[in-house]
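Residues per chain, in single letters:
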Amino acid sequence: MSVLDSKIPEGPIKDKWTNHKNKINVVNPANKRLIDVIVVGTGLAGGAAAASLAEMGYAVKAFCFQDSPRRAHSIAAQGGINAAKNYQNDGDSVYRLFYDTVKGGDYRGREANVYRLAEVSANIIDQCVAQGVPFAREYGGLLDNRSFGGVLVSRTFYAKGQTGQQLLLGAYSAMNRQIGKGKIKMYNRHEMLDVVVVDGKARGIIARNLITGSIERHSAHAVVVASGGYGNVFFLSTNAMGSNATAAWKIHKKGAFFANPCYTQIHPTCIPRSGDYQSKLTLMSESLRNDGRIWVPKNMEDVEAIRSGKKKPIDLSEDERDYYLERRYPAFGNLVPRDVASRAAKERCDAGYGVNQTGEAVFLDFASAIQRYGKEAATVNHEPNATKERIIELGAEVIKNKYGNLFQMYEKIVDQNPYKTPMMIYPAVHYTMGGIWVDYNLMTTIPGCYAAGEANFSDHGANRLGASALMQGLADGYFVLPYTIGDYLADEIRTGPIPTDSPEFDAAEKDVRGIIDTLMNIKGTKSVDHFHKQLGKVMWDNVGMARNAQGLEEAQTKIRQIREEFWKDLRIPGEANELNTELEKAIRVADFLELGELFAKDALHRNESCGGHFREESVELDGEQKGEAKRDDDNFKYVAAWEWTGDPGESKLHKEDLEFKDIELKTRSYK
Amino acid sequence: MSEKGMNLTLKIWRQKNATSKGKIETYKVADISEHMSFLEMMDVLNEQLINEGQEPIAFDHDCREGICGMCSLHINGEAHGPDRGVTTCQLHMRMFNDGDTIYIEPFRAKAFPVIKDLIIDRTAFDRIQHAGGFVSVNTSGNTQDANALPIPKADADKAFDAATCIGCGACVASCKNASAMLYVSAKVSQFSLLPQGKVEAKDRVLNMVEQMDKEGFGNCTNTGACEVECPKGISLENIARMNSEYLKASITKEA
Ligand SMILES: Cc1cc2nc3c(=O)[nH]c(=O)nc-3n(C[C@H](O)[C@H](O)[C@H](O)COP(=O)(O)OP(=O)(O)OC[C@H]3O[C@@H](n4cnc5c(N)ncnc54)[C@H](O)[C@@H]3O)c2cc1C
Ligand code: SF4
Ligand code: FES
């Protein structure tokens, strides 16, 4: 039997969560005050959890490395958040959201968790509106929706292209209320560098004060890690510069299994890279695919003419364009899921049809939408004789209302006006579905240590649908963790405060100081970024959108070499006992260099294609699905949870078999 | 398009820590592409400094796409630099010319002390939010259905516009009085435009303004400099709205 116990409650899927909540242990309000909970991370998951736990009465300590909880990476989410409200009366339901998520994840998620997520999704919207989150509304005053990839209903709630910002500010405001009351003690500019395990239970953390460099001990009865995803293992991604895996990796090394590290989302619509100096990639929200049509020229001569500037994209007539998603996937067209859209862009660019100098770009064109909206607006405005220019003007206005900030962002970066010429886009690393393994209660394999939000391996299987990360983060933080953690903490009411002068705290602090001293004393010749970029290149070339056995083996070897060089030749100027941004980066990159190897190892072992994980060896050879990714349910219908054994290359594999009782396993088709 | 990059002279504020005195140092960078962002240019400089064994320049940044509010430079005397409607991280080198000298300093305000080099302490902003920047509603699964409370689109849109403030502090840095009125009014306005915020409206505005004063921000004398430099286009209208909310609240409070 597997050592992994997912603790999925008994009973029919639709009753599991309710029954579980009814049976779960609760802590009486007077006792909650005596219980400390540490929350690492103040993004949607951590922020929501910290606020809710404090409202319930627990004594919360929250940590983030930015100067304010409001700046967590969740702030950057653009397009929207899903919820099964069925406000559009288009047949949406909890079941449909559940089904879409399981299918979208290519049948590699845990059914019971996904169902619960769909079930609480509606509460999230209610809660956020009550907090004063200004979602987009229709003229009648009701909430507006848009649709996102991989689904056929309109269930995405949004606030222009700044949905993450508004949701995070909602969670931040809830936190502020508790900080003001003294129920949350907030530690800004602090980085967690280890978890402390006492008698097999998580009892606190070691954190570095990033301003003074001092190493601090913090104890608690439970530790929640909501530190976000690890996409920056690729160096270039749409993640914020500071997003990192350290908190997750440190708990992994203390006993929390790491699940499905190779499941990464490469998002189809990002601004292509422009040069070696590039520090990050910028997402253009998937919501743009509602109105944008993706194409490349049909003929190679036109590709060359566009690259050399002899022709402009708008010079090409309709039949000189290849709307390749509409051609290959007539049912979903431009709204296929992300993994499918990304691979299709790569296929066209690999075939030589990329439209910019680097050959890595396709067009995302709004001209048809501007026309369509312009005509609609002219009718509504009673302008039957509107000129062509007037129609375009009216249409552009509608587009501006929907995506204004994204268009502005694009123009500032690329210096082209996307209202007049199609955007150029290319896939980029965006999100990590893999992460810390958790059971149904979101507890990791370390008792008392929980993982929430993007940091856990979560509900998205091998591919996440758009607008579902915000939903999951808030579901975990507002509606799941505050209940499930009580089950564990109910046994802690007699424990009393956890001392920080125990041998376990001594040892953990000593380890952290040891790592910092070693890093500072390498006194080599190369910067942290030098190594991070090298790692990123190996990850992108060998562990990116298409993977094969040879490339993955090579990646593991190369990453080991980079890691060795890093520990020999790194240079960190300045001191450890002061604000030192290079030291901060070095600690993070040291962890990425281990995680990267496990990532490649996991990708190698999973000899099937599923969701964002595409193995060149595993494609459909004939029939309607010819050339599409081929899943192998007989051999890989499981969660791969890796146990740390002292070396990432030697990690031990544990399998959690996935059961599909409520959804039939099928080939995922978007044709 | 010329492929040859720009050569620039950078005059940058260096300060070891909060208690030490800082000064401007001069650096040179060469072959800077016009497509680089301003912070990528700073990365180039830092890489150069590290390779020479010197300490890189500490500056705050995270999202690098204009939304987290972490970046905060005063560039040639302007908060977030010469472009309009953008943050420092969205500023691109095409706004500069070969041979330029660029002055780079931290945002300056009594309430925003320097921590190191270009990094400042903006926690005063958070403390103002603790005083009232919220609607007092607990998390529960029983909140009323979101659509039970229709909100006129115009109000929702205005509330949204106010809510897009990223808390960067450029308004304070651009104001000769170092006033935080634009920032505080953005939050007060968001809630005063929405029915959810009405219940606590009076206490909110009084408490937030009181905390703002305690933090040492200056008074507003309506120069409008804040609106010009605000990367998110937060409008002065919000200050007017807050003033009237404040007046209403003070009158009824005393009565
Ligand atoms: C550009 C972009 C757009 C997106 N758009 C959408 C969208 O439209 N819809 C959608 O559903 N999803 C979207 N996503 C995905 C979604 O935003 C994220 O998955 C989600 O916000 C993650 O939230 P989180 O709470 O798990 O982590 P984060 O928001 O990443 O927060 C991590 C927190 O952990 C803290 N932290 C990390 N490490 C440490 C440490 N060692 N010590 C102390 N603190 C630490 C950080 O300070 C931060 O507070 C988008 C992502 C990107 C990159
Ligand atoms: S009002 Fe504008 S300038 Fe001031 S903090 Fe908000 S976004 Fe920044
Ligand atoms: S770095 Fe986030 S706004 Fe500039």
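The structure we're discussing is the one just above.
Here's a quick rundown of the structure. Model, not experiment: these values are computed from the prediction.

## Re the packing of aromatic side chains
- Evaluation of the coordinates by the stated rule reveals 30 aromatic pairs over all chains.
- A centroid spacing of 6.0 Å and a plane angle of 75° characterise the contact between A:Tyr107 and A:Phe660, whose relative ring orientation is edge-to-face. You can see A:Tyr107 sitting in the loop between helix H4 (94-104) and helix H5 (111-131) and its partner A:Phe660 sitting in the segment after strand E19 (652-657), a full 553 residues away along the chain.
- Where B:Phe125 meets B:Phe217, the ring centres are 5.8 Å apart and the plane angle is 35°; that geometry is what we call tilted. Taken together, the residues B:Phe125 in helix H2 (residues 123-130) and B:Phe217 in the loop between helix H7 (201-214) and helix H8 (225-229) connect sequence positions 92 residues apart. Of the two residues examined, B:Phe125 and B:Phe217, each falls in the buried class.
- Taken together, A:Tyr230, A:Phe234, A:Trp249, A:Phe258, A:Phe599 and A:Trp644 form an aromatic cluster joined through their ring pairs.

## A short note on the nonpolar core
- In terms of nonpolar packing, the biggest core is built from 242 residues, with A:Ile81, A:Phe135 and B:Phe217 touching the most fellow members.
- With residues up to four places along the chain from it excluded, the contact list for B:Phe217 reads B:Ala111, B:Phe112, B:Ala124, B:Phe125, B:Ile128, B:Val172, B:Ala178, B:Ser179, B:Ala180 and B:Met212.

## Considering the environment of A:Lys312
- Residue position: A:Lys312 is located in the loop between helix H8 (300-307) and strand E13 (321-322).
- The spacing of A:Lys312 and A:Ile485 is 173 residues in sequence and 58 Å in space, taken between C-alpha atoms.

## Considerations on the sheet that holds strand E2 (residues 59-63) of chain A
Residues and elements named next belong to chain A.
- Taken together, five strands build an open sheet; the order of strands is E5-E2-E1-E9-E17 and the sheet is parallel. Looking at strand neighbours, the two that pair on one side only are strand E5 (184-187) and strand E17 (449-451), the edges of this open sheet. Sheet twist, expressed as the average angle between the axes of neighbouring strands with direction ignored, equals 20°.
- Relative to E2, strand E1 (residues 36-40) runs parallel, the two sharing five bridges. Residue pairing across strands places Val-37 opposite Val-60, the latter belonging to E2.
- Each of E2 and E5 touches helix H6 (residues 163-180); the most contacted strand, E5, lies at about 110° to it.
- Where helix H13 (residues 469-489) meets the sheet, its contacts fall on E1, strand E9 (222-225) and E17, and the angle it forms with E9 comes to roughly 150°.

## Here's the deal with the pattern of salt bridges
- Tallied over the full model, the rule gives 76 salt bridges over all chains.
- Taking the shortest distance from any N to any O, the salt bridge between A:Lys585 and A:Glu582 comes out at 3.2 Å. A residue pair is termed a helical-turn pair when its members lie 3 or 4 positions apart in one helix, as A:Lys585 and A:Glu582 do in helix H17 (residues 581-605) at three residues.
- A relative accessible area of 4% places A:Glu582 in the buried class.
- For B:Glu229, the salt bridge goes to B:Arg84, with nearest N and O atoms at 3.4 Å. Linking B:Glu229 in helix H8 with B:Arg84 in the loop between strand E4 (78-79) and strand E5 (101-106), this pair joins segments that are 145 residues apart in sequence.
- Linked by salt bridges that have partners in common, A:Asp106, A:Arg108, A:Asp339, A:Arg343, A:Arg606, A:Glu608, A:Arg631, A:Asp633 and A:Arg668 make up one network.

## Side note on the environment of A:Ala428
All names here are of chain A.
- Here Ala-428 shows up in strand E15 (residues 423-432).
- In sequence terms Ala-428 and Cys-270 are 158 residues apart; their C-alpha atoms lie 6.1 Å from each other.
- If we ignore the near neighbours within four places in the chain, the residues touching Ala-428 are Thr-238, Gln-265, Ile-266, His-267, Cys-270, Leu-281 and Trp-540.

## Observations regarding unusual backbone geometry
Residues and elements named next belong to chain A.
- Here the phi dihedral of Lys-7 falls at roughly 55°; this positive angle occurs in a residue that is not glycine.
- Within the chain, Ala-467 stands out as a residue other than glycine whose phi angle is a positive 70°.
- We classify Ala-467 as buried; its relative accessible area is 5%.

## Details of the pairing of E9(A)
Residue and element names in this part refer to chain A.
- Along E9, one buried face is formed by Ala-222 and Val-224 and the opposite face, lined by Val-223 and Val-225, is buried too.
- Bridge count between E9 and E17: three bridges; the pairing is parallel. Paired with Val-224 across the strands is Tyr-450, a residue of E17.

Rules behind the numbers
Residues numbered from 1 in each chain as written. Chains lettered and ligands numbered in written order. Predicted model: local features only at pLDDT ≥ 70, side-chain atom pairs only at ≥ 80, totals over all residues. Heavy atoms only, no water. Phe/Tyr/Trp six-rings, centres within 6.5 Å; stacked < 30°, edge-to-face > 60°. Helix = DSSP H or I, 4+ residues; strand = E, 2+ residues; numbered from the N terminus. Buried < 20%, exposed > 50% of the residue type's maximum accessible area, 1.4 Å probe, protein only. Core = buried A, V, L, I, M, F, W, Y, C linked by side-chain atoms within 4.5 Å. Contact = heavy atoms within 4.5 Å. Pairing = 2+ DSSP bridges. Axes fitted to C-alpha atoms, helices over the stretch in contact; angles between N-to-C directions. Salt bridge = Lys/Arg side-chain N within 4 Å of Asp/Glu carboxyl O.

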